[in-house]
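# Geometric and topological summary
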Amino acid sequence: MSAPQSAPQYDPRNQLLALLPEDELARLQPHLERVALPLGKSLSESGGVMHHVYFPLDAIVSLLCVMENGASTEIAVVGNEGIVGVSLFMGGETTPSRAIVQSAGEAYRLKGQRIKDEFYRAGTMQRLLLRYTQALLTQMAQTAVCNRHHSVDQQLCRWLLLSLDRLPGDQLIMTQELIANMLGVRREGVTESAGKLQRAGLIAYHRGHITVIDRPGLEARVCECYAVVKREYDRLLGPEALL
């Protein structure tokens with residue numbers, strides 16, 4: 001007889017799952033399916049019912065509002081700090097936004113009914129999901145303000161820093177055209193802004209690969225929107241959030 005296969009090792013990189021007490025995590029763990037999230041994969045479409053939620057491990061997912069003419073703007077990013085599929089446990093079932101993988105990686109996938117069952121237990125998971133939803137709403141609101149009142153340079157710095165916070169390294173793979181679609185601006189504007197950052201020695205950009213060389217320099221240039229969002233995530237979901 002062949003030896004029984006051992007269970008796959010649990011990956012603790014999703015910060016939302018990491019905040020769960022051991023008993024709640026143990027209840028979910030057998031149902032967490034590790035899946036690959038390739039660049040550009042759609043996790044949900046506007047008006048479509050989601051059947052799973054996703055806990056990113058090292059991928060970044062963009063939530064986009066899409067107009068009738070196909071134009072789109074990013075309203076939030078989700079990485080290893082959170083969950084994709086808020087509408088499932090908030091009772092709406094569908095959402096007018098799209099969820100597209102912005103940076104490839106992996107995630108834990110969980111069936112929608114499982115997350116609902118855990119949410120309605122009214123334990124730590126419910127409190128975490130409600131806190132995460134508040135933080136996500138803050139990010140959406142601040143993104144709207146930033147897109148209206150701040151320069152493309154500042155928006156690009158904000159976008160780079162938010163992405164870096166959700167990645168293990170200092171590199172992003174993203175074309176200028178995709179960045180323009182995320183920010184809802186013309187590609188020429190992104191080209192000009194990326195050129196300024198590169199000439200200032202803050203980033204290196206070559207054929208869709210962006211390397212951040214000077215993070216403090218980016219933080220010095222970014223508008224207040226980045227700090228507002230980061231403070232709210234730290235306040236609501238930091239290590240001491242549930243004490």
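Since the structure is predicted, the reported quantities are computational estimates derived from the model, not experimental observations.

Rules of the game
- Residues numbered from 1 in each chain as written.
- Predicted model: local features only at pLDDT ≥ 70, side-chain atom pairs only at ≥ 80, totals over all residues.
- Heavy atoms only, no water.
- Helix = DSSP H or I, 4+ residues; strand = E, 2+ residues; numbered from the N terminus.
- Buried < 20%, exposed > 50% of the residue type's maximum accessible area, 1.4 Å probe, protein only.
- Contact = heavy atoms within 4.5 Å.
- Lys, Arg positive; Asp, Glu negative; His and termini not counted.
- Charge placed at Lys NZ, Arg CZ, Asp CG, Glu CD.
- Pairing = 2+ DSSP bridges.
- Axes fitted to C-alpha atoms, helices over the stretch in contact; angles between N-to-C directions.
- Salt bridge = Lys/Arg side-chain N within 4 Å of Asp/Glu carboxyl O.

Time to look at the overall build of the chain. Looking only at helices and strands, one finds 10 helices and 10 strands in the chain. Principal-axis analysis of the C-alpha atoms gives the chain an extent of 60 × 45 × 40 Å. When each of the 243 residues of the chain is scored for burial, the buried share is 49%. If you take every contact in the chain between residues at least 6 apart in sequence, the share linking residues at least 24 apart comes to 74%. Side-chain charges of the chain comprise 25 positive and 26 negative groups, with the mean position of each set lying 2 Å from the other.

With antiparallel pairing, the 3 strands of this open sheet are ordered in space as 8-10-9. Two strands close off the open sheet at either side, each with one partner strand: strand 8 (171–173) and strand 9 (203–206). On average, each strand axis in the sheet is inclined to that of its neighbour by 15°, with strand direction left out of account. Two strands pair when backbone bridges link them, and strand 9 and strand 10 (residues 209–212) are joined in this way by 4 bridges, in the antiparallel orientation. Bridge pairing in strand 10 places histidine 206 opposite histidine 209. The strands touched by helix 6 (residues 152–164) are strand 8, strand 9 and strand 10; relative to strand 8, the strand with the most contacts, the crossing angle is about 110°.

Take the pattern of salt bridges next. Using the criterion set out here, one finds 15 salt bridges in the structure. Close ionic contact of aspartate 153 with lysine 196 constitutes a salt bridge, the shortest N to O distance being 3.3 Å. You can see aspartate 153 sitting in helix 6 and its partner lysine 196 sitting in helix 8 (residues 187–199), a full 43 residues away along the chain. When its relative accessible area of 32% is taken as the criterion, lysine 196 is described as partly exposed.

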